[in-house]
Amino acid sequence: MIGRRAVRNVRHGRLERSLALLTAAGSAVTAAEIFLEHDRAGFGNRVMWWPVLLGPVGVAAGLAGFADERAARTALPLASAAIVANGLQGTYLHVRGIAQKPGGWRMARYNIELGPPLFAPLLMSMVGGMGLLASVLRRER
């Protein structure tokens, strides 16, 4: 049965292909969402393009990792590390953006609601984290 095999794969840490595919899907959705949000902000800083451009890289690496074990050990961790690093950088930039709003952190509730989304870049880092995790797990049978 497929259900029993899936449970056995999870118990034995065999999730490489599944997590690689989830990384590809997460990269696509995240890049689309980031594009819409950064477009709404007018791409006021060139750095805003980086997570949008890393989206297709994550999709390609995730699909390659799903299809080929070697790509899951080489391309996927490189792309995923870049995504994690960019997510952490984005978190710093969003914190700084909130601080630069009128009132800064003294008006935290207002500026967090209307400023750059504070936790959105960390979601991007989670997508990259899935890819890093996939690259160290064993492949499904």
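Shown above is the structure to which this text applies.
The model shown is predicted, which means the values in this text are computed figures rather than measured ones. Here the residue numbering is sequential within each chain, running from 1 through the sequence in written order. Local features are withheld for residues below a pLDDT of 70 in this predicted model, meaning they are given only at 70 or higher, and side-chain atom pairs are given and counted only at 80 or more; totals for whole chains, interfaces and linings count all residues. Computation of side-chain values: all heavy atoms of the structure, hydrogens and water removed.

Novice: How would you summarise the overall build of the chain if you had to cite specific residues and measurements?
Specialist: Within the chain, the regular secondary structure consists of seven helices and zero strands. Helix and strand labels come from DSSP, where a helix needs a run of H or I of at least four residues and a strand needs a run of E of at least two; each type is numbered from the N terminus. When the helices and strands of the chain are placed in sequence order, the string is α-α-α-α-α-α-α. Each principal axis of the C-alpha distribution contributes one length, and for the chain these read about 60 × 25 × 20 Å. Note on classification: 1.4 Å probe, protein chains only; a residue is buried when its accessible area is under 20% of the maximum for its type, exposed when over 50%, partly exposed between these limits. Looking at the chain as a whole, 38% of its 141 residues are labelled buried. Residues are treated as being in contact if the distance between any of their heavy atoms lies within 4.5 Å. Of the contacts made within the chain by residues no fewer than 6 positions apart, 72% connect residues no fewer than 24 positions apart. Note on areas: Shrake-Rupley, 1.4 Å probe, and residue coverage restricted to the protein chains presented here. Taken as a whole, the chain presents about 8,700 Å² of accessible surface, with 66% of it coming from carbon and sulfur. We count Lys and Arg on the positive side and Asp and Glu on the negative side, and we leave His and both chain ends out. The location of each charge is read from NZ of Lys, CZ of Arg, CG of Asp or CD of Glu. Charge-centre separation for the chain: the mean point of 17 positive side chains lies 8 Å from the mean point of 8 negative side chains.

Novice: Summarise the nonpolar core; cite the residues concerned and give the values.
Specialist: Nine residue types can take part in a nonpolar core, namely buried Ala, Val, Leu, Ile, Met, Phe, Trp, Tyr and Cys, and a core is a set of them joined through side-chain atoms within 4.5 Å. Formed by Leu19, Ala20, Ala61, Leu76, Ala79, Ala134 and Leu137, the largest nonpolar core amounts to seven residues. If you list the elements that add at least two residues to this core, you get helix 2 (16-40) and helix 5 (75-100). Residues within four places of Ala134 in sequence aside, it is in contact with Glu16, Leu19, Ala20, Arg73 and Leu76.

Novice: Just give me the short version of the pattern of salt bridges, but keep the residues and values in it.
Specialist: The term salt bridge refers to a side-chain nitrogen of Lys or Arg lying within 4 Å of a carboxyl oxygen of Asp or Glu. Within this structure, the stated rule accounts for four salt bridges. A salt bridge links Arg73 to Glu16; the nearest nitrogen and oxygen atoms lie 2.7 Å apart. Pair noted here: Arg73 is in helix 4 (residues 69-73) and Glu16 is in helix 2, with a separation of 57 residues, a long-range link. Exposure remark for Arg73: the relative accessible area of 38% places this residue in the partly exposed category.

Novice: Can you explain a positive patch on the surface? Please cite residues and give values.
Specialist: Nonpolar side chains (Val, Leu, Ile, Met, Phe, Trp, Tyr) are joined into patches within 5 Å and like charges within 9 Å, using only residues with over 30% relative accessible area and no salt bridge. Taken together, the side chains of Arg5, Arg8, Arg138 and Arg141 present a region of like positive charge at the surface. Here Arg8 is to be found in helix 1 (residues 2-11). We classify Arg8 as partly exposed; its relative accessible area is 47%.

Novice: Kindly report on the environment of Ser27, identifying the contributing residues and their values.
Specialist: You can see Ser27 is positioned in helix 2. Look at Ser27 and you get buried, because its relative accessible area is 4%. For the pair Ser27 and Ala81, spaced 54 residues apart in the sequence, the C-alpha separation amounts to 13 Å.

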